[in-house]
Each structure stands twice: as structure tokens, then as C-alpha cells.
Amino acid sequence: MGHLFYSFFKTLVGQPVTVELKNDLAITGVLVSVDQFLNIKLDNIKVVDEERYPHMLAVKNCFIRGSVVRYVQLPAPSVDTALLQDAARRERQQPATGARK
Amino acid sequence: MSDFFGFNTVMPGRQGGRIALNLEEQQELDRQVQKYALETGEDFEIYDYGETYDNLADDLEETRDDLNDETFGTDFDFAKNTHQVAPALKKEEELYIKQSDHSGVRRSSFASLWENNGNNLQGLPEPSHAASSIWGSFSNTTAKGMDIGGNGGFAVHDPVFGQGTFALSRPSGFGGNQPSLEEIEAQLARTAGAQPHIQMQQERKMMSLEEVEAALMNINGGRPIYSEAMIAEQQAKQARLEQRRAERQAKQAETAKHNGLMTQSDKDFINRIQISQLVTDDPYADDFYCQVYTALRNRHLQQMGIPGNMMDPEGIQGDSRRRGGNGRTEQRMQQQVQRIVSDAKRNPKRTNVTVEGALGKIAVNSVLNPRQLLQVSKRGSYAESSGPNSPKPPSPGPVSTKSHTVLGWIENVYTYVLALEQKRRQQPPPPRMGEEEIAGEAIRRWNEEYGVLARKMWNELRITVPIGIVHPHPFISILNYSKGKKVIPRVLRHLLPEQTLTLLTMLVANFESLNVCKSEVYADVQGNQEIELFMNTIVPPLLGFVSEAPFRIVVGLLALFIERNNMIWVARSKPGLAFLTLFLSRAEILKQGQGNYPIPEDREVNQWNELYHRLFNQLQTHFSALFMPKATMAEDVHVWRFLAAMAVGATVDQQHVLVTEVREQVLENVIAAQTSRLSPEKAAQRIGNVNLFLHALGLDASQVSVPAM
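Residues numbered from 1 in each chain as written. Chains lettered and ligands numbered in written order. Predicted model: local features only at pLDDT ≥ 70, side-chain atom pairs only at ≥ 80, totals over all residues. Heavy atoms only, no water.

Focus on the pattern of salt bridges
For side chains bearing opposite charge, pairing can occur when the charged atoms are close.
Step number 1: As enumerated under the stated definition, the model contains 20 salt bridges over all chains in all.
Step number 2: E448 of chain B serves as the salt-bridge partner of R444 of chain B, at 3.3 Å between the closest nitrogen and oxygen. Of this pair, R444 of chain B and E448 of chain B both sit in helix α19 (residues 436–461), four residues apart, which is roughly one turn of the helix.
Step number 3: A relative accessible area of 45% means that R444 of chain B is categorised as partly exposed.
Step number 4: Here K591 of chain B and E588 of chain B are joined by a salt bridge, their closest N and O atoms 3.5 Å apart. Pair noted here: K591 of chain B and E588 of chain B are both in helix α27 (residues 574–591), with a separation of three residues, about one helical turn.
Step number 5: Counted as one network, the salt bridges with shared partners bring together D86 and R89 of chain A together with E411, E421, K483 and R490 of chain B. (Salt bridge = Lys/Arg side-chain N within 4 Å of Asp/Glu carboxyl O. Helix = DSSP H or I, 4+ residues; strand = E, 2+ residues; numbered from the N terminus. Buried < 20%, exposed > 50% of the residue type's maximum accessible area, 1.4 Å probe, protein only.)

Structure follows, in C-alpha cells:
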């Protein structure tokens, strides 16, 4: 599954996203890059609940380790859901290298 | 630096160089200062800038003052004003010097400033001693920066500075240029009249900045002197800092011997190994979404007239791939990476690949195939139907239409559609000169594979399952899911014309079992969405097919339609009406000899007329019921279109029947449009709808006379 998400997020580079972390922090920013571990780099960030996290006010960009992400809110017009379904189907039907034991 | 923002900063006492004061004079000076301090109530300290000033201000930027006029206005010339006042100031200074006998010549200008401004300053809140503790932690440099300010007339009276800046006016009175701290303290103590502490302080050899500060605070506030704890704390802090620095240096020294151990190519190699996890030899397989999304986006942009290369799939690859520098290096790197990838793929059994030279092992399963956390045991039936290698031909026997079964069929259809689309992308190029044989072989093989996939897809659609075994027909069951509707346009691209006809025939024959034909689906939002989907996905491609079909086919389809469905029921649905309209209008076109076909034979025309009468008779007395009860204007255009198609082929009697039956709807629309209850656009739309029908009869809405109510 890793590659589908990676492939998907690549198309969202430059789009505004909101990343919700497992510690309930939610950060909105422009997606700068994503890697195969779904680590995320954001620019022009803004914490959703600034009153609760005032220490984040001064932070302008960030790197988020993929494992701490709970949700990513996406801009709907930038997502081709039909294509995403197809991509999921493709990924299911062609097991990657060494998948089957 | 001769001026400071236009102020003359040359101190009078400095012009003649240093003036050596003897001990008596110094004592006298001190006395004067003390007196002044008592008079003004200020902590007046004396600073020797000559000793401490490090020419820091020489670095100040003197140019770029061309905007000064804008900033300060042209009506005030600082330099000139200062210049004018200068004689007066000088005079004042001289006066003061005379007044105070031997008072510090070098300080006189400073002191006179105080004299002049003393009253004002006294009125101001005194920069508190608390402030001094803040400044106390400043480094020497900062303190010197403040000195510059003081030089220009800024009243610096904060008693605490770094050791370097803290100097008394006596240049060499107690031996050595810099008076010791003890002297300073003694001096300060005397100034504030705090004699009792002097002895103790003098016994201390080394005093930190904080100690001095504490001492000063005590002197000024008359409180007990600094605590031992503070000193201890300070020393501990110093020690910690010292230790940390030493540790850091040691670590750096430790690692320094490894510097340059790896060459740039070594680093590149490791980079490549890491990147190899991202690079794929088949972008459509491993990077499907990104590739297709970009392609679609580019096509869309091109349609809008924007060059499509704005979004290059390579451009939004992982940025690590971009970093490779120029194109050739990148290409070479990619080749090497591909070699690594294929090497890794050659050993699919292993989950770890140790590439020679790599730091550690590369887990093959981390990216392409992450470690499975859930092990779901597949039950036989599911695995059979889902595996692409085990296509199960649809059994002609009893077919279940349980939802998960149907959804399974749909997914299989998708699987083959995706495979076919992939095949299309890999279509071999047309043979070049001299290579016909090789290319021909490739094309033949491609056609074969494509044909196999298309057949599998066709089977999965279950169109050929005989009617009547299961209800609804399996194909209709597929169409009853929105997923199933959506796949149809993509399926049709891979079908042969005969297959498309079979599909259409099967659809027409079972039309009334479609869920979009049920009248209750119009009640809820989801139902309406399904209808919209049907109208957008299935109708257009089949309309395209029918609009090229010969008369014989159209007759056959309408016959089947009327034969196998309840027309009243079907005609009440938007899709049903759409298909009826489609057949009627196509037949009319062909009857008139248009559409690249010869005028049909009389026998066929008679057959058609018979069909038409049957349809008309079935729908008679129901024409007005075709309108939706709560229809808004946009929604009944399809009804008017159908009525128009009926009207064209109708006899005079039938036309009369039609007009009589829908007279009310015609009137309603015309009245609504005329009474201006509606916006002009809506009114025009309503008239337009009515005219669709009336024009087919040779009439127009303007001829309709609205009866008085």
C-alpha cells in the first residue's frame, strides 16, 4: 500500500493540507514534499487551535514524521477519487516484489 | 567620527590630551561628584571612555542618510542648530568649570549636561535598580554599545557594566591603568556613604559581575550584601558551561579523524541505494495514480490552452530524485538505480537485500511491500474469484445476485478494464521499414493478449446469461450499482460492435428491472443521483451507438423494448423516456433517408408504423402522467422532447390525442411564462420546452390563446 499513498501525496505537492497528528495537534500548511515513509514537509504553517498551542505561533514550516500522522485533510478538487479507486484496484491486483510467500 | 547625528561630540576636556591629576585633585574631583550626586539624587557614576572605548562606533554606517530629510523633515537642521548652540554650550561649560574650581575638567561637559537637564530628569521615573540587574548580564560589547549612546549625551547612569567598561575617572591614581574592583567598590561605597562594608569587600580578591551588581544594589538600597548561595550557584553554572564546552570539543576531536573518510561518490552510492526504493521500472504499475493524474491534468490544461508540461510527473517525483544535478548525471544515476532495483527483484524470496557497500541491510518489504500486520486467511471462494490468474467463467446455471457477489463481478470487470487500458498504453508502435516481421510478431502477440483480456471482461459482465434464469438479470444487477454504471463507458471502448449491440439488446430487454426505472427512486436524493449517473454514463455512449445504427436494428430494439417492458411504467422514468426518444428520433431520421443509409424498404417502414401504433396505444391516456408531479422546469424537458418525438411520427388523429392530453401542461407553462411570476430566463426556458413539442406539430407557443380564468 505504501506506494499508492506515496504516489497520491506526490500529486498534492503545492496544495494546502491540514495534517492532524496523533497528539491532537492539527497543522494547516502547503505541502512541500512527502517521502516513501509519508514523512511530510509543510510550509507557511498555521496551527488550527492557536490558543491552545501558542508556542507554535512562531513556527513557519515543519517536518512531520509519517508515523505521528493521524489524518490528512485534503483539498477535494485536487483528488480524483475515481482514479484513486482504480489505483487501489491496480495495487491489489498486482502484488509487489516478493509479496507472496 | 566627529559627529554623532549632527552633535558635536568632541569633549572640551579631551582636546588638550590627557590631564594628569594629582591625588589631591582626584580627591577633590570625587568630592565634587559626590556632591553632585547628592544634589541631583542620581547615581552618578563617572566613566572613562578614554580607557574603554574601543572605536566600535567606527563601524557605524555614516552614509545612507539621504532619507533623513524625509524622516525628520527639512524644517529642522540638527547639525546647524547644534552648531548655533555650540558657543552657548561651551560658555556654560566654562562657567561651570569656574564655579566648581578644580572639578574634573574632563567630566565637565558631561556634568553640565546633567546640570542643564537635572530638573527634567528628576521628574522622570528613575531607571530602577531592578533594571540594573537586567543589564548586569550583558556582555561587555553591549555595554560598550551603550557607552556610545552616553557619548552623545545619553544619560547612562546604570551602575553596572561589565568589568571591562567599568572604570573610574582616575587613570592611574592607585597604580595600573585599570583600577581594581576593590577600588571601584570602595569608591562606590564611599559615594553612597556605606562605609561598613568596605573592609569585607576589599578582602575579596576575585569578584564576579553579579557580585559587583549585588554589592551595588546593597549600597544603593542599604540592604545586606549578596548571599553566599548566589556565588556558589554562579560558580557551579560556570563550571557546567565549561564542562559542556570541553565535552563538545572532545567529541569533535574524536570524530575529526573520520573526516573525509567517504568520498563524494561513496555518498552518492548510498544515496542511490536509498533512492532505489523510490524508483520504479514500471511507473504505471508502482506510481499509477501520480502518472495518470498528471496525464489527465495535462490534457485538461492543454484543452484550456495552457502548455501541458507544467506538471511533469518527473517534476513531482520525490525531491531526492531531482537533486541529482544536471540531466545526464541524473540519467546515469537512474540507470544504476534501476540495476539495483532489478537485482533486488531477482531475489524476491528474501526480505532483506544486502547490497555490497551498503550500510546495513535494505529491507525490500519496507516500501514496495510493507510488512503485513494483518494476516487474513483467504477463504477458497474469495481467493478464486479475486485472483487475476483464475478467471472463473460465469456459470450459465443459477446465478446468485447477492450484493457481495455482484460487487465481486463488478470488481472483476474493473480488473480487466484496467488491464485492457494498460495494454492499450503498451500498444506496439506501427512497424517501421524493414522491421515488419519483428513488429508484426509483436503486434500479433499484443492483439492476442488484448483479445484474451477483452473476452474475460465480456464474460465477467454476464450479458450472455440467458434471460429468465435469475431475476433481475445479472447484467442489470451490475448496472444497479453506481460502480457498475461508472464502468460501462470504459467497458464499451473495448467491445466489438456486435458485443455492444448485445449489451444494448440485453439492457433494453430487461429495462424495467433497472432500479432507475422505479418511480420511488425519484423521491430521495440518492435515487436522483443514480438517475443522473445513469444518464451521464450509460445513455451517451449507447446514444452514440444507436445514432449510427441501421433502421433494421432500431426497429428490432424498439420491438424488444415494447415487447418486454411495461411501457407506462418505463416511460415514467427519465432513462426509459430517454431511450424511447432515442429510438423514435433515430427511426424518423432514417425514414427520411438521412444518416448515410438508404431509405428503408416499405416492409420495414410498415413494421415500424405498427410498432409506433402499439406504443401510442399503450401510452394513450397516460401522456400527461409522464410529467413528474412536482416537476420543476428543468426537469421535464425530457418529457417535452419525448412528446416532440412522438408528435413527429403521429397521424393527425394521434396528434389530436396528444394535444388534448397535454393541453393542460402547455397552458400551465405558457401562463406561467406570461404572468411574469418567473425570471425572464425561466420563462424563456418554459416556452422553449413547450415549443419543442408544439414545433413538432407545426405550432408555436405564441399561437396559444390563454383562456381567461
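Quick word on the packing of aromatic side chains
All names here are of chain B.
Step number 1: Summed over all chains, the structure comprises 14 aromatic pairs over all chains.
Step number 2: An angle of 75 degrees between the planes, with centres 5.2 Å apart, marks the rings of F511 and F561 as edge-to-face. A residue pair is termed long-range when its members are at least 10 positions apart, and F511 in the loop between α22 (497–509) and α23 (525–537) and F561 in helix α25 (residues 551–564) qualify at 50 residues.
Step number 3: Take F511: its relative accessible area is 0%, and that puts it in the buried class.
Step number 4: Geometrically, the ring pair formed by F511 and F579 is edge-to-face, given 5.2 Å between the ring centres and 70 degrees between the ring planes. (Phe/Tyr/Trp six-rings, centres within 6.5 Å; stacked < 30°, edge-to-face > 60°.)

Details of the environment of Q685 of chain B
Residues and elements named next belong to chain B.
Step number 1: Among the secondary structure elements, Q685 is positioned in helix α31 (residues 680–696).
Step number 2: On the basis of relative accessible area, Q685 is assigned to the partly exposed category, the value being 33%.
Step number 3: Taking the C-alpha atoms as reference, Q685 lies 8.8 Å from A673; in sequence the two are twelve residues apart.

Concerning the side chain of E530 of chain B
Step number 1: Tracing the sequence through the fold places E530 of chain B in helix α23.
Step number 2: Within the local environment of E530 of chain B, its side chain forms a polar contact with the side chain of K485 of chain B, the two groups lying 2.5 Å apart. (Polar contact = N/O pair within 3.5 Å; in protein donor to acceptor, adjacent residues only side chain to side chain.)

A short note on the pairing of strand β3 (residues 40–47) of chain A
Residue and element names in this part refer to chain A.
Step number 1: As judged from the six bridges shared by strand β2 (residues 26–34) and β3, these two strands associate in the antiparallel manner. Across the sheet, the residue bridging to V34 is I40, located in β3.
Step number 2: One ladder, built from three bridges, connects β3 with strand β4 (residues 62–64); its direction is antiparallel. Counted as the bridge partner of L42 is C62 from β4. (Pairing = 2+ DSSP bridges.)

Let's talk about the pairing of β2 of chain A
Residue and element names in this part refer to chain A.
Step number 1: Judged from the five bridges that link them, strand β1 (residues 16–21) and β2 form a sheet pairing that is antiparallel. Note on β2: the bridge partner recorded for V19 is I27.
Step number 2: As consecutive antiparallel partners, β1 and β2 are separated by four residues, and within that stretch D24 has a phi angle of approximately 75 degrees, a positive value.
Step number 3: Counted along the chain from β2 to the antiparallel partner β3, the turn is five residues long, and its residue L38 has a positive phi close to 60 degrees.

Just distances and angles here, no functional claims.
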